[in-house]
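Topology and contacts: notes
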Amino acid sequence: MGRLFGTDGVRGIANETLTTELALKIGRAAATVLIKECKSAKPTVLIGKDTRASGDMLEAALTAGLTSVGCNVLSVGVVPTPAVAYLVCEYGCEAGIMISASHNPCEYNGIKIFQKTGYKLDDAIEDEIEAIVLDGAEEIPAKIGGDVGNRLFCKTAVKDYVDHVVSTASVRFDGLSIALDCANGSASVCAKDIFTALGAKCIMLSDTPDGTNINESCGSTHPQELMNFVKGASLDLGLAFDGDADRMLAVDENGELVDGDKVIAICSKRMKDEGKLEKNTAVVTVMSNMGFFKFCKDNGIDCKKTAVGDRYVLEKMLQEGYNIGGEQSGHVIFLDYATTGDGELSGVQLIETVVKSKKKLSELAQIMRVYPQVLINVKVTDEGKKKYNNDEYIISAVQQAEMELSGEGRVLVRVSGTEPLVRVMLEGSDIEQITRLGNGIAEVIKKRLS
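Since we're looking at a predicted model, the values are computed, not measured. (Residues numbered from 1 in each chain as written. Predicted model: local features only at pLDDT ≥ 70, side-chain atom pairs only at ≥ 80, totals over all residues. Heavy atoms only, no water.)

1. Some remarks on the side chain of E253
- Within the fold, E253 resides in the loop between β11 (248-251) and β12 (257-258).
- We note that E253 is buried and unpaired, the nearest opposite charge coming from K360 at a distance of 5.4 Å.
- Within polar-contact distance, the side chain of E253 engages the side chain of S362 at 2.3 Å.
- Among all residues touching E253, those that are not within four sequence positions of it are V230, K231, L235, D236, K360, L361 and S362. (Helix = DSSP H or I, 4+ residues; strand = E, 2+ residues; numbered from the N terminus. Buried < 20%, exposed > 50% of the residue type's maximum accessible area, 1.4 Å probe, protein only. Lys, Arg positive; Asp, Glu negative; His and termini not counted. Salt bridge = Lys/Arg side-chain N within 4 Å of Asp/Glu carboxyl O. Polar contact = N/O pair within 3.5 Å; in protein donor to acceptor, adjacent residues only side chain to side chain. Contact = heavy atoms within 4.5 Å.)

Okay, here's the thing in structure tokens:
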């Protein structure tokens, strides 16, 4: 993890840690690094954003930085993050930038940068941009006169993205009634269009963003309202997206949550049966439930594990030629159709599996047993995050918990890449035991790092 970039771009409280001055510098530095090989006199960088009030402010700063070094900016307005990844290729741009803090509250915002291939930046490119922004490693000449870039506007971005996602379905969803929780975020501009185009009857939740209500008691981080609504309204299923719609959690007809692990299990089994699962493998992170690994073993599917973060899942998929992977949190990558996690596309693929199977989602979800899991987020200082790996008291607490579990469970403690948190996760067959052990570790972390 770099000095500016976390596991998913640059993120912070808008106008406090993520300032307009910093955004301008990032725009200048990113342009300098990403257009080195470009032969165009004025390369074009595409910019999208979610629904946060601070999005306009940061877009203006990024635009100023980019145009000051001679780049044109193509503003596509409010779109999902995966739309930026798709459109940067579709429109032939040199780079794409998404202004979003994903699932975080409205006061946060972030800057995610995509290469012209539609993939997020790798570590080496991020390091190069950081060196320019923080160390002045390279002088950036300012353009003047007619060499300054221009800001352009695109009015077809949402439609073009909707058409793309719809095209990935091979069946229609006629006769299904579904609820879509848009988290008052980016999905608000396109989710209904996608699923109604495929024939589903859609009931919309949290699709009226006001700049401050993004992710507020809704969406994939707060799915309880959707769970209650689907069951109460006797719907076939529901889908919950996060603020920038790059992740999705589902709800079955009984109001039960179907998380990212189960989505990957359901879809990878269908892909295997159709002969479309590349190298017979699914890629997940170390945070995936023990039940997922048992599902793979029982169904003859190989499983590869990576560090936490969809970027590491994607890296493994690209390196070894796999076509499905993701995280328990709902980031799922269908590499046959997208270069990044896409919540709405994942919803389309999940419902396609439901339709083809002629089963209810609850029945499909039984393919995988979920072992009890406890996740505790401990708020720590920035200095505490740096000290975590070398604290002997925390190391000892983790080792003692692992000894008590004696191979019947596991302990995973990690520093968040995007927030001032240390995440404590325990898994096992005895919920009371793992809860007690988890709280014990969390208390040690709080005393040592807060």
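2. Concerning the packing of aromatic side chains
- Counted under the stated rule, the structure contains 2 aromatic pairs.
- For the ring pair F292 and F293, a centre distance of 6.2 Å and an interplane angle of 85° mean the geometry is edge-to-face.
- For F292, a relative accessible area of 0% translates into the label buried.
- Ring centres 5.7 Å apart and planes at 50° place the aromatic pair F292 and F295 in the tilted group. Taken together, the residues span about one helical turn, with F292 and F295 both in helix α9 (residues 290-298) at a distance of 3 residues.
- Taking the ring centre of F293 as reference, the NZ or CZ of K305 above it sits at 4.8 Å.
- Between the NZ or CZ atom of R311 and the centre of the ring of Y312, over which it lies, the distance is 5.7 Å. (Phe/Tyr/Trp six-rings, centres within 6.5 Å; stacked < 30°, edge-to-face > 60°. Lys NZ or Arg CZ within 6 Å of the ring centre and 35° of its normal.)

3. As for the sheet that holds strand β8 (residues 177-181)
- Here we have 5 strands laid out as an open sheet, ordered β9-β8-β10-β11-β12, and mixed in their pairing. Lying at the two open borders of the sheet, with one neighbouring strand each, are β9 (201-205) and β12.
- Pairing between β8 and strand β10 (residues 237-241): 4 bridges, direction parallel. What sits directly across from A179, in β10, is G238.
- Packing of helix α11 (residues 343-357) onto the sheet brings it into contact with β8, β10 and β11, and relative to β10 it is tilted by some 165°. (Pairing = 2+ DSSP bridges. Axes fitted to C-alpha atoms, helices over the stretch in contact; angles between N-to-C directions.)

4. Looking at unusual backbone geometry
- The backbone phi angle of A183 is positive, close to 60°, even though this residue is not glycine.
- One can find A183 in the loop between β8 and α6 (191-197).
- The backbone phi angle of S217 is positive, close to 55°, even though this residue is not glycine.
- By secondary structure assignment, the location of S217 is in the loop between β9 and α7 (224-232).

5. A look at the environment of G300
- Tracing the chain through its elements places G300 in the loop between α9 and β14 (302-306).
- In the structure, G300 is positioned 28 residues away from K272 in sequence and 9.3 Å away in space, judged by C-alpha atoms.
- Beyond its immediate stretch of four places on either side in the chain, G300 contacts K272 and N280.

6. Comments concerning the pairing of strand β19 (residues 421-428)
- With 8 of 8 residues buried, β19 is to be regarded as a mostly interior element.
- The two faces of β19 match: L421, R423, M425 and E427 on one face and V422, V424, L426 and G428 on the other face are all buried.
- Note: strand β17 (residues 373-379) against β19, 7 bridges, orientation antiparallel. Its bridge partner being in β19, N377 is matched across the sheet by R423.
- Bridge analysis of strand β18 (residues 409-415) against β19 gives 7 bridges, and the strand direction is antiparallel. Residue V411 lies in a different strand from β19, and its bridge partner there is L426.
- The turn joining β18 and β19, which pair antiparallel and follow one another in sequence, is formed by 5 residues.

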